[in-house]
Amino acid sequence: MALRIEGKVQGVWYRGWTVAEAERRGLRGWVRNRGDGSVEALLIGAEARVAEMIEACRRGPPAARVSAVTERAAADDGSQGFRQRPTE
């Protein structure tokens, strides 16, 4: 599942938090900042764990203020583990 997270989500440790939360759930994929101020993530794993992570992303870390999370189906890109990617 691919996510686009909008709101106050850059400069608030959102990516680091996402990596920790995804790893805790045994997910694979990645997270990165977007040039427009949003955060993008790819979540790969068991459907229930991905659903849990999506709900967690709607809250984010304490300093974040999430205004929207957009979901779209995405193929498994073969990611090993879960990591931060450079801003795109």
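This text follows the structure it describes.
The following refers to the structure shown. Bear in mind that the values here come from a model prediction, so they are computed numbers and not experimental data.

### Section: helix H2 (residues 47-59)
For step 1, the next point in the chain: The first and last C-alpha atoms of H2 sit 19 Å apart over 13 residues, in line with the 18 Å expected at 1.5 Å per residue.
For step 2, the next point in the chain: Buried within H2 are the following residues: Val 50, Met 53, Ile 54, Ala 56 and Cys 57. Along the axis of H2, the buried positions cluster into a sector of 165°, meaning they face one direction only. Exposed side of H2, more than 90 degrees from the buried face: Ala 48 and Arg 59 are the residues found there.
For step 3, the next point in the chain: Buried-residue contacts for H2 involve strand E1 (2-8), helix H1 (14-24), strand E3 (39-44) and strand E4 (65-72).
For step 4, the next point in the chain: Two residues or fewer past H2, Gly 60 is found with a positive phi of approximately 75°.

### Notes on unusual backbone geometry
For step 1, the next point in the chain: The phi angle at Trp 13 is positive, at roughly 70°, despite the residue not being glycine.
For step 2, the next point in the chain: Note that Trp 13 resides in the loop between E1 and H1.
For step 3, the next point in the chain: The exposure class assigned to Trp 13 is exposed, which follows from its relative accessible area of 57%.

### A look at the side chain of Arg 25
For step 1, the next point in the chain: Here Arg 25 shows up in the loop between H1 and strand E2 (28-33).
For step 2, the next point in the chain: Once residues within four sequence positions are removed from consideration, Arg 25 is found in contact with Arg 49, Glu 52, Met 53 and Ala 56.

### Things to note about the packing of H1 against H2
The angle between the axes and the distance between the axes are what describe a pair of packed helices.
For step 1, the next point in the chain: Viewed as axis vectors pointing N to C, H1 and H2 meet at an angle of 155°, and their least axial separation amounts to 11 Å. Considering their axes alone, H1 and H2 lie roughly antiparallel with respect to each other. Classified by chirality, the crossing of H2 by H1 is right-handed. Contact residues: H1 offers Tyr 14, Trp 17, Thr 18, Glu 21 and Ala 22, while H2 offers Met 53, Ala 56 and Cys 57.
For step 2, the next point in the chain: Looking at the contact of H1 with H2 residue by residue, the class counts come to six nonpolar, one polar and one charged.

Definitions and cut-offs
Residues numbered from 1 in each chain as written. Predicted model: local features only at pLDDT ≥ 70, side-chain atom pairs only at ≥ 80, totals over all residues. Heavy atoms only, no water. Helix = DSSP H or I, 4+ residues; strand = E, 2+ residues; numbered from the N terminus. Expected span 1.5 Å × (residues − 1). Buried < 20%, exposed > 50% of the residue type's maximum accessible area, 1.4 Å probe, protein only. Arc of directions from axis to C-beta. Contact = heavy atoms within 4.5 Å. Axes fitted to C-alpha atoms, helices over the stretch in contact; angles between N-to-C directions. Parallel < 35°, antiparallel > 145°, perpendicular 65-115°, else oblique. Left-handed = near helix turned anticlockwise from the far one by under 90°. Nonpolar A, V, L, I, M, F, W, Y, C, P; charged D, E, K, R; others polar.

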